[in-house]
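One letter stands for each residue in the lines below.
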Amino acid sequence: DAKTTQPNSMESNEEEPVHLPCNHSTISGTDYIHWYRQLPSQGPEYVIHGLTSNVNNRMASLAIAEDRKSSTLILHRATLRDAAVYYCILRQGGSNYKLTFGKGTLLTVNP
Amino acid sequence: DTGVSQNPRHKITKRGQNVTFRCDPISEHNRLYWYRQTLGQGPEFLTYFQNEAQLEKSRLLSDRFSAERPKGSFSTLEIQRTEQGDSAMYLCASSLQYQPQHFGDGTRLSIL
């Protein structure tokens, strides 16, 4: 599986936007970019995914670089509940199993 | 949608004992996955079922580990002759084909 690189940690203030970066320079044409997050003492939670175009849902936005070698997860207004570890994962198209998690980015949200 | 349910939430056992965990997936999901997570690390894939068929097992799944999914509904993960290194959070997830995975909150295993 192609690898991703994320900062170990980031900090944000409540009600401000947060941009979580992910580098995936070895991404292949059929790899989807998935984001999951894990709150303390809980299992991972799906956030968003995309292939080439930017994506929006009720939780977040995903901005994908034109060359697809990087992407950014955008939380438009961080809340204390958004404090979690955020994982950026590449998943092969047509492959419907085996998410390969890295260490992710620990997001701290300050009140 | 009642979510993925895992039982027990915590299990403490002595080294050498056998343990079994249960996962109840979201009812219409035909795919079920097991992962293991140690402190400070992301989850690691262990195995995957499509309906009742176990289609892939990670090299992490030694011969002391066995997983089943009878009738394609709930699944069990058994660890025989537990070792200290088995201490971890065991996570179950389920999904429909090509859809995102939904995770339970895991079973935390502690080996004394």
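Structure shown above.
Novice: How should the side chain of B:Arg31 be read in this particular structure?
Specialist: All names here are of chain B. Within the element layout of this structure, Arg 31 appears in strand 4 (residues 31–37). Nearest to the buried, unbridged Arg 31 among oppositely charged side chains is Glu 56, at 10 Å. One polar contact links Arg 31 to Gln 50, side chain to side chain, over a distance of 2.6 Å.

Novice: Help me out: how do you make sense of the interface of chain A and chain B in this one?
Specialist: As a measure of interface size, the accessible area lost when the parts come together is often cited. Taken together, the contact pairs 18 residues of chain A with 21 residues of chain B. Both faces combined, the contact of chain A with chain B buries some 1,600 Å², and carbon together with sulfur accounts for 54% of it. Put simply, chain A and chain B have one salt bridge between them. Of the charged contacts, one joins A:Lys98 and B:Glu56 as a salt bridge, the two residues approaching to 3.0 Å between their closest N and O atoms. Here chain A is connected to chain B by seven residue pairs in polar contact (both at pLDDT 80 or more). Elements with a minimum of two residues in the side of chain A that touches chain B: strand 3 (31–38), strand 4 (45–50) and strand 8 (84–92) of chain A. Considered class by class, the residues forming the side of chain A that touches chain B number seven nonpolar, eight polar and three charged.

Novice: Would you take a moment to explain the sheet that holds strand 4 of chain A for this structure?
Specialist: What holds strands together in a sheet is hydrogen bonding between their backbones, with the strands either parallel or antiparallel. Residue and element names in this part refer to chain A. Pairing is mixed across the open sheet formed by five strands, whose spatial order is 1-9-8-3-4. Because the sheet does not close on itself, it has two edges, and the strands there are strand 1 (9–13) and strand 4. Across the sheet, the mean angle separating the axes of adjacent strands is 25° when strand polarity is ignored. Two strands pair when backbone bridges link them, and strand 3 and strand 8 are joined in this way by eight bridges, in the antiparallel orientation. Each residue of the ladder has a partner; that of Tyr 32, found in strand 8, is Arg 91.

Novice: Where do I start with the environment of A:Ile48 in this structure?
Specialist: Residue and element names in this part refer to chain A. When you line up the elements, Ile 48 lands in strand 4. Placed 19 residues apart in sequence, Ile 48 and Gly 29 show a C-alpha to C-alpha distance of 19 Å. Ignoring anything within four residues of it in the chain, the contact list for Ile 48 reads Ile 33, His 34, Trp 35, Val 55, Asn 56, Asn 57, Ala 60, Ser 61, Leu 62 and Leu 73.

Parameters and conventions
- Residues numbered from 1 in each chain as written.
- Chains lettered and ligands numbered in written order.
- Predicted model: local features only at pLDDT ≥ 70, side-chain atom pairs only at ≥ 80, totals over all residues.
- Heavy atoms only, no water.
- Helix = DSSP H or I, 4+ residues; strand = E, 2+ residues; numbered from the N terminus.
- Buried < 20%, exposed > 50% of the residue type's maximum accessible area, 1.4 Å probe, protein only.
- Lys, Arg positive; Asp, Glu negative; His and termini not counted.
- Salt bridge = Lys/Arg side-chain N within 4 Å of Asp/Glu carboxyl O.
- Polar contact = N/O pair within 3.5 Å; in protein donor to acceptor, adjacent residues only side chain to side chain.
- Contact = heavy atoms within 4.5 Å.
- Buried area = accessible area lost by both parts, 1.4 Å probe.
- Nonpolar A, V, L, I, M, F, W, Y, C, P; charged D, E, K, R; others polar.
- Pairing = 2+ DSSP bridges.
- Axes fitted to C-alpha atoms, helices over the stretch in contact; angles between N-to-C directions.

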